[in-house]
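# Overview (structure and organization)
Chain by chain, the residues run as shown.
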Amino acid sequence: MERREFLGGAAAGVVAGATTVIGKSQAQTNSDTSKPNADGHLHSHEGASPSHSLLPSDPALRVKAIETLLVEKGLVDPAAVDAIIDQFEHNLGPKIGAAVVAKAWADPAFKKALMENAPKALASIGVVGSGAEQVIAVENTDKVHNVVVCTLCSCYPWGVLGLPPAWYKSEAYRSRVVREPRKVLAEFGINLPDQAEVRVWDSNSEMRYLVLPQRPKGTEAMNEAQLAALVSRDSMIGTGIPTV
Ligand code: FE
């Protein structure tokens, strides 16, 4: 049961932050109007339960109550629920995406295949299911920086990145990254040159984006495993940059 603690942490989160919004809709240009948090802190705890409260959060309690009822009525097998959670905690996760990125960096043919048809390329290395068949890869370059959001809810490429971080689902991130992506990215520590174009990709249930970050300089001698270790979850959402 303690493995479900993540349910209680799913509230809150803010991020602080330009330019092109793409996805289910069209591109648009934005202007920056608000100031980033002075301390660069990415998570607002407003509206969330106090971190050190003795009681679980309301959503966690609700989930617990519903689960208890479903189990009592024989509608849900607790072992099946645990198996599903175990799958997401241990078998899925950003390590899959990091391996995909590393392979794309090291293997030009795989990269080409990934950019042209990500689901097919992913399936060729055994990555299937959990939304992998809806993944679209977008590549960062010196001229273009991609960042991913789901403005409506929390659509996310679970098949390659696992469970989404709480801030990805926060209203603040979902609204601000569209209006002022450069400021949001700056609060994540990414300061883009003015001439770089920012593309914000709006996910939905049929299109989930994987950012292919730029391979860091000085990694020419690294193998795929070493390269994969450089790739963070955030760098595949577009809110991080791989570094050596
Ligand atoms: Fe969504």
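Residues numbered from 1 in each chain as written. Predicted model: local features only at pLDDT ≥ 70, side-chain atom pairs only at ≥ 80, totals over all residues.

## Considerations on the overall build of the protein chain
Our working rule: Secondary structure is summarised from DSSP: a helix means a run of H or I of at least four residues, a strand means a run of E of at least two, and numbering begins at the N terminus for each. Any residue surrounded by 20 or more other C-beta atoms within 10 Å of its C-beta is treated as buried, while 12 or fewer makes it exposed and the intermediate range makes it partly exposed; C-beta atoms here are placed from the backbone.
From N to C terminus, the protein chain includes 11 helices and five strands. When burial is assessed residue by residue, the protein chain has 36% of its 244 residues classed as buried.

## With respect to helix 2 (residues 78-91)
At 3.6 residues per turn, the α-helix brings residues three or four places apart onto the same side. So the rule is basically this: To estimate the expected span of a helix, subtract one from its residue number and multiply by 1.5 Å.
For helix 2, with 14 residues, the first-to-last C-alpha span of 19 Å sits near the 20 Å given by 1.5 Å per residue. Of the residues flanking the end of helix 2, it is glycine 93, one or two places downstream, whose phi is positive at about 150°.

## Description of the pairing of strand 3 (residues 144-149)
The line we're drawing: Whether two strands pair comes down to DSSP finding at least two bridges between them.
With five of six residues buried, strand 3 is to be regarded as a mostly interior element. When strand 3 meets strand 4 (residues 197-202), the two strands line up parallel, connected through six bridges. What sits directly across from valine 144, in strand 4, is glutamate 197.

## Some points on the pairing of strand 5 (residues 208-212)
Counting buried positions along strand 5 yields five of five residues, so the element is predominantly enclosed. Taking every second residue as pointing to the same face, both faces of strand 5 are buried, with Arg208, Leu210 and Leu212 on one and Tyr209 and Val211 on the other. Bridging between strand 2 (residues 135-139) and strand 5 involves five bridges; their strand directions are parallel. By the bridge assignment for strand 5, valine 138 is matched with valine 211.

## So, the confidence of the model for the protein chain
Test applied: pLDDT gives the predictor's per-residue confidence on a scale running from 0 to 100. We call two residues in contact whenever the C-beta atoms placed from their backbones are within 7 Å.
Taken residue by residue, the protein chain gives an average pLDDT of 82. The fraction at 70 or more is 78%. Considering only residues more than four positions removed or in separate chains, one finds that residues 1-18, a stretch of pLDDT under 50, has 70 contacts. Every residue in residues 24-50 scores below 50 in pLDDT, and together they form 48 contacts with partners more than four places removed in sequence or on other chains.

## Let's talk about the nonpolar core
Short version of the rule: As used throughout, a nonpolar core is a set of buried Ala, Val, Leu, Ile, Met, Phe, Trp, Tyr and Cys residues joined through C-beta atoms within 7 Å of each other.
In this structure, Val101, Val147, Val149, Val160 and Leu210 are the most contacted members of the largest nonpolar core, which totals 47 residues. When residues in this core are grouped by element, the largest group, seven residues, is from helix 3 (residues 94-106).

## A look at the environment of tyrosine 209
As for its position among the elements, tyrosine 209 is in strand 5. When the C-alpha atoms of tyrosine 209 and valine 148 are compared, they prove to be 6.5 Å apart, with 61 residues separating the residues in sequence. Setting aside anything within four residues of it in sequence, one finds tyrosine 209 in contact with Ile136, Val138, Val148, Pro157, Trp201 and Ser203.

## Notes on unusual backbone geometry
At serine 130, a residue that is not glycine, the phi angle is positive and equals roughly 50°. Mapped onto the secondary structure, serine 130 falls in the loop between helix 5 (118-124) and strand 2.

## Quick word on the environment of valine 128
In this structure, valine 128 sits in the loop between helix 5 and strand 2. With 32 residues separating them in the primary sequence, valine 128 and valine 160 have C-alpha atoms 9.0 Å apart. Aside from chain neighbours lying at most four places away, what touches valine 128 is Leu122 and Ala123.

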